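Descriptive structure summary
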Amino acid sequence: MDLYQELILEHSKRPHHAGLREPFDSQVEHVNPTCGDEVTLRVRLEGEGDTATIRDVSYDALGCSISTASTSVLTDEVIGRTVPEALRVYAAMRTMLTSRGADSGDEDVIGDGVAFAGVSKYTGRIKCAMLGWSALTDALARAGVDITAIPDQTGREAGPTPEPASTSRETS
Amino acid sequence: MAAVTTTTRPTRSGSAEGATALTAPEVARLRADFPILTRTVRGGRPLVYLDSGATSHKPVRVLDAERAFYEQHNAAVHRGAHLLAEEATDAFEGARETVARFIGAPAGEVVFTKNATESLNLVAYAFSNAGAPGAMTGVDPEVAERFVLRPGDEIVVTEMEHHANLVPWQELARRTGATLRWLGLTDEGQLDLSDLHTVVNERTKLLAFTHVSNVLGTVNPVTTLVERAREVGALTVLDACQSVPHLPVDVAGLGVNFLAFSGHKMLGPMGIGVLWGRAELLAAMPPFLTGGSMIEVVRMEGSTYAAPPQRFEAGVPMAAQAVGLAAACDYLTALDMSRLAAHDHELTAALLAGLADRPWVTVVGPTDADDRLGAVSFVVKDVHPHDVGQVLDDSGVAVRVGHHCAWPLHRRFGLSSTTRASFAPYTTLDEVDALLAALDRVPEVFEVSI
């Protein structure tokens, strides 16, 4: 099955950066109401404005291999990046995942995220792969980041995900 | 307070006992009535559809009935001074008679709704609206009192309910100040009736429960629950979505006050459901949805309402779907519901036996096929149900994954979700084998040691 790339299975069995850590600037809980999967995710930022850097993303997740692996890869790709860079990765992931197989992803932008290209052909699984990413953008917003200016791959400004991939609840 | 009475053991159905299951050639013949079963899915594989508990497929006879209505009789029913309107009305009311006969009810006690969810909400809002000033004017005070909920009154449900038979009652409790209580479950997936006499008590005004669990397949002891409800004067609502497609259901024999089911799970069209209710109760109930069709006299100052069932059918009704549902009832009757129950039992037993041979699979719900019907839900060791479903889909096997709109039930068993296979008359033993063979790929794909 092209969906379950070795990298996905590997991350789902041994997720990177798992567990909730301190300190953090914001914490969110997102659930996928159709299957009951959930993730609690924290972000720690350093600095201000466009130069703010994501110091840590920690999480506690309950979910399928796609959602677990996607959140794991997310942490690899965004920890240590500036907020604008991380939002570009998010936008590229979202574009790929919603492309119905047309966009195989740019490894230079999303790194190991390209392993999830196959997910876009299974519309029922897009929410699984987006769960952690939606939680991340929500957590960034709650940490004071303006996420309304998330670029899409063409460089245009796009709003937040038109159809929320999950429902959220702020926690402290 | 009466001593705890012995509970009757649930059976699949009194009238289904002893019926012979469909033979393989019979199932093969009836499959030819379902065009969708000939299509292929991913990789050109034949479709193995084991998701009929979510929605069933429709035989040509049902599709033809809907089409014939639109092609030959289409008109808004109960309106119009023309021939087509008369024919459409006759078709709609004729469909009501057929559906009523299918469940052993008088036609006047059958209300057509959008689906079972609307049927249950219709009852919930009757309770809610009964408390409004003037809503029960002219109703026998004793009957009216049964519908009025106040703080201190109690509504009882069970922990195995589909959200459609839980959330409306939660909301009703919130609106009226009544308290929601529930019967728990045993580890085996049966209702825990050890505290039936305390949970259902003199304060209980309403007991709502499912006939057959959409997750566990458990067949509930309707008689025991109805007897207790009667002792305390509570009204009973039965969610029959998973029983009417699989069992001979006779409303008089069940003894409940209300019964709800959907058309699309019983080979009928989407967009139509049924609420059956006892005539004297429907007659006392205030309307839920209001507007055209359901009125008696309308003046600017206020309106009076039609007698049931029209009182609960506001707007132009879904006549084509009613005709389609009646065709589904005729189709099921011709197959013989008792034999379909036996067929279902055979499929359930085969799947349970196959899963028992696989120690890395855990079934939720009763392990004895005699105690269940229609659906088998399970979890695979160390693999998330969504991933199980994806591998099955890759083999052409369609199942449902998730909490199946029964989240509290899953929580009760410490699960977030399960994989569910569910049956219909067209399901074959070969399809059960196909599911088991596809399931054997799962540990391999996810490198799980078994």
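This is a predicted model, so every value here is computed, not measured.

**Notes on the interface of chain A and chain B**
Chain A puts 20 residues into the contact, and the matching count from chain B is 17 residues. Regarding the contact of chain A and chain B, the summed buried area is about 1500 Å², with carbon and sulfur atoms giving 56% of it. Together, M1, C35 and Y122 of chain A form the three largest contributors to the area buried by chain A at its contact with chain B, with a combined 31%. Where chain A meets chain B, there are one salt bridge. Put simply, D387 of chain B and R125 of chain A hold a salt bridge, and the shortest N to O gap is 2.9 Å. Of all the secondary structure elements, the ones that give two or more residues to the side of chain A that touches chain B are α1 (6-13) and α2 (65-78) of chain A. Element by element, the count of residues in the side of chain A that touches chain B is highest for α1 of chain A, at three residues.

**A few points about the sheet that holds strand β12 (residues 375-380) of chain B**
Note: strands within a sheet are paired through backbone hydrogen bonds, in either parallel or antiparallel orientation. All names here are of chain B. The strand order across the open sheet formed by four strands is β11-β12-β15-β14, and the pairing between neighbours is antiparallel. A strand with exactly one partner marks an edge of an open sheet, and here the two such strands are β11 (361-364) and β14 (400-402). Each neighbouring strand pair of the sheet contributes to a mean axis angle of 30°, computed without reference to strand direction. Sheet analysis places β12 next to strand β15 (residues 418-422), joined by four bridges and oriented antiparallel. If you follow V376 over to β15, its bridge partner there is A421.

**Topic: the nonpolar core**
Within the largest apolar cluster, 80 residues are counted, with the highest numbers of intra-cluster contacts made by F112, L259 and F261 of chain B. In terms of residue count, the dominant contributor to this core is helix α11 (residues 319-335) of chain B (12 residues). In this view, F112 of chain B contacts F92, A95, R96, V99, I272, G273, V274, F312, E313, M318, A322 and L325 of chain B; residues no more than four positions away in its chain are not counted. Of all hydrophobic cores here, the second largest spans 78 residues; its members include Y4 and C128 of chain A together with F378 and V401 of chain B.

**Observations regarding the environment of A208 of chain B**
All names here are of chain B. Residue position: A208 is located in strand β5 (residues 204-210). The class for A208 is buried, based on a relative accessible area of 0%. Sequence spacing of A208 and V256 is 48 residues, and the spatial spacing of their C-alpha atoms is 9.7 Å. Contact partners of A208, with chain neighbours within four places excluded, come to V156, V157, T158, E161, N165, W169 and V237.

**What to know about unusual backbone geometry**
Following E22 of chain A, the chain continues to P23 of chain A via a peptide bond in cis, the omega torsion being -5°. Tracing the chain through its elements places P23 of chain A in the loop between α1 and β1 (26-32). Cis geometry marks the peptide bond from P308 of chain B to P309 of chain B, where omega comes out at 0°. The residue P309 of chain B is located in the loop between β10 (302-305) and α11 in this model. One non-glycine residue with positive phi stands out, namely H17 of chain A, at about 55°. Looking at the secondary structure, you find H17 of chain A in the loop between α1 and β1. Given the relative accessible area of 34%, H17 of chain A is considered partly exposed.

**Considering helix α3 (residues 83-97) of chain A**
Residue and element names in this part refer to chain A. End to end, α3 covers 21 Å across 15 residues, agreeing with the expected 21 Å (1.5 Å per residue, within 8%). Burial of α3 is extensive: 11 of the 15 residues sit out of reach of the surface. Inspection of α3 places V83, A86, L87, V89, Y90, A91, A92, M93, R94, M96 and L97 among the buried residues, and these make up the whole buried set. Packing partners of the buried residues in α3 comprise β2 (37-46), β3 (53-62), α2, α4 (107-110) and α5 (126-142).

**A closer look at empty space enclosed by the protein**
Residues and elements named next belong to chain B. Applying the stated criterion to the full structure yields three cavities of 30 Å³ or more. Estimates place the volume of the largest cavity at around 50 Å³. In this structure, the largest cavity is lined by S52, S56, P245, H246, K265, M266, L267, L332, F423, A424 and P425. A per-class count over the lining of the largest cavity returns seven nonpolar, three polar and one charged.

**Re the sheet that holds strand β6 (residues 235-239) of chain B**
Residues and elements named next belong to chain B. Spatial ordering of the open sheet is given by β2-β8-β7-β6-β5-β3-β4, a layout of seven strands whose pairing is mixed. Every other strand in the sheet has two partners, leaving β2 (110-113) and β4 (179-183) as the edge strands with one partner each. Between one strand and the next, the sheet's axes are offset by a mean angle of 20°, whatever the strand orientation. Sheet topology note: the strand β7 (residues 258-262)/strand β8 (residues 273-277) ladder contains five bridges and is antiparallel. Paired with A260 across the strands is L275, a residue of β8. Against the sheet, helix α8 (residues 222-232) contacts β4, β5 and β6, and its axis sits at roughly 170° relative to β5.

Analysis parameters
- Sequence positions are assigned chain by chain, starting from 1 and proceeding in written order.
- Going through the entries in the order they are written, you letter the chains from A and number the ligands from 1.
- Given that this is a predicted model, residues contribute local features only at a pLDDT of at least 70 and side-chain atom pairs are listed and counted only at 80 or more, while totals for whole chains, interfaces and linings are drawn from all residues.
- Side-chain descriptors were evaluated using all non-hydrogen atoms of the structure, hydrogens and water having been removed beforehand.
- Should any heavy atoms of two residues lie within 4.5 Å, those residues are considered in contact.
- When two parts are brought into contact, each loses some accessible area as probed by a 1.4 Å sphere; the total of that loss over both is the buried area.
- Salt bridges are identified by distance alone: a Lys or Arg side-chain nitrogen within 4 Å of an Asp or Glu carboxyl oxygen.
- Only runs of H or I of at least four residues qualify as helices and only runs of E of at least two qualify as strands under DSSP, and these elements are numbered from the N terminus.
- Between any two strands, pairing holds if DSSP finds at least two bridges.
- For helices, the fitted axis covers only the stretch in contact; all axes are lines through C-alpha atoms, and the angles between them, taken along N-to-C directions, range from 0 to 180 degrees.
- To qualify as a nonpolar core, a set must consist of buried Ala, Val, Leu, Ile, Met, Phe, Trp, Tyr and Cys residues joined through side-chain atoms within 4.5 Å.
- Only protein chains enter the accessibility calculation, which uses a 1.4 Å probe; a residue is then buried when its area is under 20% of its type maximum, exposed when over 50%, and partly exposed in between.
- Take the residue count of a helix, subtract one, and multiply by 1.5 Å to get its expected span.
- A 1.4 Å probe that fits into a set of points on a 1 Å grid over the protein atoms alone but cannot get out defines a cavity; an open set with protein on both sides within 12 Å along at least five of seven lines defines a pocket, and lining residues are those with an atom within 4 Å of a point.
- Grid points are joined across faces, edges and corners, and a volume is the space filled by probe spheres set on the points.
- Residue polarity is assigned by list, with Asp, Glu, Lys and Arg as charged and Ala, Val, Leu, Ile, Met, Phe, Trp, Tyr, Cys and Pro as nonpolar; anything else, Gly included, falls into the polar class.

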